[in-house]
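# Overview (structure and organization)
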Amino acid sequence: MNTHTLSTPQFEKQCEWIERAVNHACEKIAPVWPLDKSIAVNPWWSMRNETMPQVAAKLQNLGKVSMLMDKSYYRSLWNSQITAAHLAAALTTLNVNAEQNSLLAYLESNGKNVSWQHLGDLLDQQVCHSHKIPWRDEIVQQISQFTALYFQYPERMHSNDDAHNGFYSMWLDVLRQDKGIEILMAESGLHSQFEALPNTITALFHAAKETLGAEVGETGFTHYCHALLLDINGWASWMANQAWQAAFAQESNNLLQQLLAVRLGWDIVLWRHTAEKSSEKFAFIRNAFSQQLNSTQAMQESIMAQQHFGWVWQTALELSYQQPLQNKLLNQLTNKKMGDKYFRPEAHAIFCIDVRSEPIRRALEAQSASIKTSGFAGFFGLPIDYAIEGGEFVRPQLPGLLKASMRATQINKLATQNGLLFKTVATKKSSDASPSAFGVIEAKGILKAASLLKSSFFPSRPKAGVESLMTNSPWTLTTNNKPLDDAELANLAAGVMGAMNLTDNFAKRILLVGHASSATNNPHSAGLDCGACGGQSGEVNVKVLAQILNSEGVRNALKIHVIDIPADTKFIACIHNTTTDDLQYFDDTNTFANESWKAWLIAATESAQQKRSASVGISTLQNASQLKNKFEQKSNDWAQLRPEWALANNAAFIVAPRELTVNIDLEGRSFLHDYDWKKDTNFSVLELIITAPMVVTNWINLQYYASVTDNQKYGSGNKLLHNVVGGNMGVFE
């Protein structure tokens, strides 16, 4: 049926709801960031207006997604971590009326959730199919390979000028020229169905409505489209990021809608092909598809009922962690002794709120009563991206939720620096390309083999990427290519310092501690760096902020903001290596020689390494020097699959003065953000924390949660896989 010939009011109304359904389905897919800017993302962020049980039931139904652990997991924790008291508290919290015996019986039951069956799944249930490859596997494989090629070779694949249909049109063109699928699947006549597909995505969506039948309504069509996107969730998430970035630039991007059209096009082909070839098969899939389309809401309600007690167990598990922590905090609140308000510490170290900072902060505080630490988001409030002067390299240094409004550059020796950058990037791209696992070694022959042997037996410290190209030159901050003057920099600094509660009682040495990781031969390494810095090292941010706050002109301008920094206070940029727990400071002029805080950093590293060694498989029966070498060897090992645990086990976000937590071992599980409500008269700082760092910690917490409850759907595998697509898109598995 040619939908372009219709112009009735009924058709116009239908156009509106089809477009609405498509967009609603696409809006439910959370973005994923590229490998070189990897940040943790709550995969259910786009459905945050619904409760966890509602989303869990919907995703279990439409995508076989698990948002709860297997029942055996909760059973293994019963009477150890989870007690009867935790279960009782969970029942009260969720307002559920149930007996303990019923909850235990639930863990022994074998109920099976009903999940969405795609047309390919329904066809594969038929005994008489002659092909060997399941339809769903073939569909996902074909779409994945095409999409990978589309982004891997943009100069060849992006030839279509129609941005609204370019991806879909190229896919259609490729399939219309490829008759191999018909042969592979042993389905004569299949190729002609691709020839018959509409040439635009708008026409295709309407063709789907007409093909599937008049009984398909807006709600059912939305669920159906959402299920199709979940079937290719990785690519869908990547294209959701394209839309996210386009929105930042106030541009439009419909790649996700085009991907949906591609996946939907496959279903139209199977539907029409089956109708022509087998009336018996077609009757089966038509009836089965229609039934599930019309019963989606009922299926989701059934799943919610089946998972009802599961959420009681999950809540009990969370309470088993929350209740002891809350008791410790309440006891500390009752018994805490506030320090001398006018005591001036010798050193004050401000760390990122990252959970990996908490153990090293505790180790540093143990070195002397003359040092204090506090926590603040790792990008240190600087809305910047980082660019190498004179080159094209630019990367964000702030959370993915925000858009950079300023650019940080450093005056370098352009020819040398850009030449080194080009060589570094070219080598990385050649090593990361999909066929490179053996291709690069084969091309370089014995030289590469010798290099691998050298790396195995004599590993060297991992290179810090573009950070290794930085010089000691000063930094320039610009907005729209215009350098910021002292007054503008002071306005920026005043906002940052106010949010830090750093407006008086300045220490003599204030250490601004960003963080980075060190891993070798790891395409996922950005995921170990600072999420608040857009999956990068925080080195740029701390160096820029230290320069701003050490500037005499900025300090004079800050007095207008009632911030008076003493002349003997110096800000020092530092980096915490989260893989080794090394604390590095940047003092190229040796200004701070023989100052005691430098020895404290070394001692804190030794203490943190000793405590953390067992968790990363390093024997603790070693002296400090041996332990340091073991940590460095682990980070330098090109074959190491898990150089560190990153933010695994994160469990809490505490917004409070450090006095409340300083005597509690939080075991590296808490994000710690300093906050003093007495200084926040209009609660603007609290609002900023809730709308920025708290959202970031939500993204981190729920991505790690999701990767455990459903590792197949939301996990990233491990660094053993190196088939990197498009240089930075992701690892093709």
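None of these values were measured; they are calculated from a predicted model.

## Observations concerning the overall build of the protein chain
- Helices and strands together make up the secondary structure of the protein chain, namely 30 helices and 14 strands.
- Looking at the protein chain residue by residue over its 733 residues, the buried ones come to 50%.
- Pairs at least 24 apart in sequence give 74% of the contacts found in the protein chain among residues at least 6 apart.
- Accessible surface, the protein chain: about 34800 Å² in total, of which carbon and sulfur atoms supply 53%.

## Overview of the sheet that holds strand β2 (residues 371-376)
- Spatially, β2-β1-β8-β9-β10 is the arrangement adopted by the five strands of the open sheet, whose pairing is mixed. Here the strands that pair on one side only, and so sit at the sheet edges, are β2 and β10 (583-585). Taken over all neighbouring pairs, the strand axes of this sheet differ in orientation by 25 degrees on average, direction set aside.
- Bridging between strand β8 (residues 509-516) and strand β9 (residues 570-577) involves eight bridges; their strand directions are parallel. Considered in β9, the bridge of Gly514 is made with Ile575.

## Points about the nonpolar core
- Counting residues in each nonpolar core, the largest one holds 99 residues, and the members touching the most others are Trp44, Trp171, Phe221 and Trp313.
- Looking at this core element by element, the count peaks at 12 residues for helix α15 (residues 255-277).
- Excluding its chain neighbours within four sequence positions, the residues that come into contact with Phe221 are Trp17, Ile18, Ala21, Val22, Phe205, Ala208, Val216 and Leu264.
- Core analysis: the next-biggest nonpolar cluster, separate from the first, contains 46 residues, Ala408, Met500, Ile563 and Ala573 among them.

## Digging into the packing of aromatic side chains
- The final tally for this structure, using the stated rule, is 31 aromatic pairs.
- Each ring, one from Trp244 and one from Phe248, has its centre 6.3 Å from the other, and the planes form 85 degrees; the classification is edge-to-face. Note that Trp244 and Phe248 are positioned in helix α14 (residues 233-248) at a spacing of four residues, about one turn of the helix.
- When the ring of Phe653 is compared with that of Phe671, the centres are 6.4 Å apart and the planes differ by 85 degrees; the resulting orientation is edge-to-face. A residue pair is termed long-range when its members are at least 10 positions apart, and Phe653 in strand β11 (residues 652-655) and Phe671 in strand β12 (residues 670-673) qualify at 18 residues.
- When its relative accessible area of 21% is taken as the criterion, Phe653 is described as partly exposed.
- Accessibility expressed as a relative area gives 3% for Phe671, which makes it buried.
- Put simply, the rings of Trp17, Trp116, Phe221, Tyr224, Trp271, Phe282 and Phe289 touch in pairs and so form one group of aromatic residues.
- The ring of Tyr106 is capped by Lys71, whose NZ or CZ atom sits 4.3 Å from the centre of that ring.
- When the ring centre of Tyr321 is taken as reference, the NZ or CZ atom of Arg669 above it lies at 4.6 Å.

## Notes on the sheet that holds strand β6 (residues 475-479)
- Pairing in this open sheet of five strands is mixed, and the strands run β4-β3-β5-β6-β7 from one edge to the other. Bordering the open sheet on either side are β4 (394-396) and β7 (482-483), each of which pairs with just one other strand.
- This element, helix α24 (residues 539-550), spans β3 (384-388), β4, β5 (406-410) and β6 of the sheet and lies at about 95 degrees to β6.

## Quick look at the packing of helix α4 (residues 84-94) against helix α18 (residues 308-335)
- Following both chains from N to C, one finds α4 and α18 inclined at 115 degrees, their axes separated by 8 Å at the closest point. Relative to α18, the element α4 is oriented roughly perpendicular. Where α4 crosses over α18, the handedness of that crossing is right-handed. For the pair α4 and α18, the contacting residues are His86, Leu87, Ala89, Ala90, Leu91, Thr93 and Leu94 in the first and Trp311, Val312, Trp313, Thr315, Ala316, Leu319, Ser320 and Gln323 in the second.
- Considered class by class, the residues forming the contact of α4 with α18 number 10 nonpolar, five polar and no charged.

## Considering the confidence of the model for the protein chain
- Looking at the protein chain, the pLDDT average stands at 88 and 88% of residues meet or exceed 70.
- Throughout residues 1-8 the model reports pLDDT below 50, and contacts reaching past four residues in sequence, or to other chains, amount to nine contacts.
- A low-confidence stretch, residues 425-441 stays under pLDDT 50, and its non-local contacts, those more than four residues away or across chains, total 18 contacts.

## Examining the pattern of salt bridges
- Tallied over the full model, the rule gives 23 salt bridges.
- The residue Glu108 makes a salt bridge to Arg75 at a minimum N-O spacing of 2.9 Å. Here Arg75 lies in helix α3 (residues 71-77) and Glu108 lies in helix α5 (residues 100-108), a separation of 33 residues in the sequence.
- Overall, Arg75 belongs to the partly exposed group, its relative accessible area being 35%.
- With a shortest N-O distance of 2.9 Å, Glu358 and Arg362 are connected by a salt bridge. With a gap of four residues between them, Glu358 and Arg362 both fall in helix α19 (residues 357-365), about one helical turn apart.
- The exposure class of Glu358 is buried, given its relative accessible area of 1%.

What counts and what doesn't
Residues numbered from 1 in each chain as written. Predicted model: local features only at pLDDT ≥ 70, side-chain atom pairs only at ≥ 80, totals over all residues. Heavy atoms only, no water. Helix = DSSP H or I, 4+ residues; strand = E, 2+ residues; numbered from the N terminus. Buried < 20%, exposed > 50% of the residue type's maximum accessible area, 1.4 Å probe, protein only. Contact = heavy atoms within 4.5 Å. Areas by Shrake-Rupley, 256 points an atom, 1.4 Å probe, with all protein chains shown as cover. Pairing = 2+ DSSP bridges. Axes fitted to C-alpha atoms, helices over the stretch in contact; angles between N-to-C directions. Core = buried A, V, L, I, M, F, W, Y, C linked by side-chain atoms within 4.5 Å. Phe/Tyr/Trp six-rings, centres within 6.5 Å; stacked < 30°, edge-to-face > 60°. Lys NZ or Arg CZ within 6 Å of the ring centre and 35° of its normal. Parallel < 35°, antiparallel > 145°, perpendicular 65-115°, else oblique. Left-handed = near helix turned anticlockwise from the far one by under 90°. Nonpolar A, V, L, I, M, F, W, Y, C, P; charged D, E, K, R; others polar. pLDDT = per-residue confidence, 0-100. Salt bridge = Lys/Arg side-chain N within 4 Å of Asp/Glu carboxyl O.

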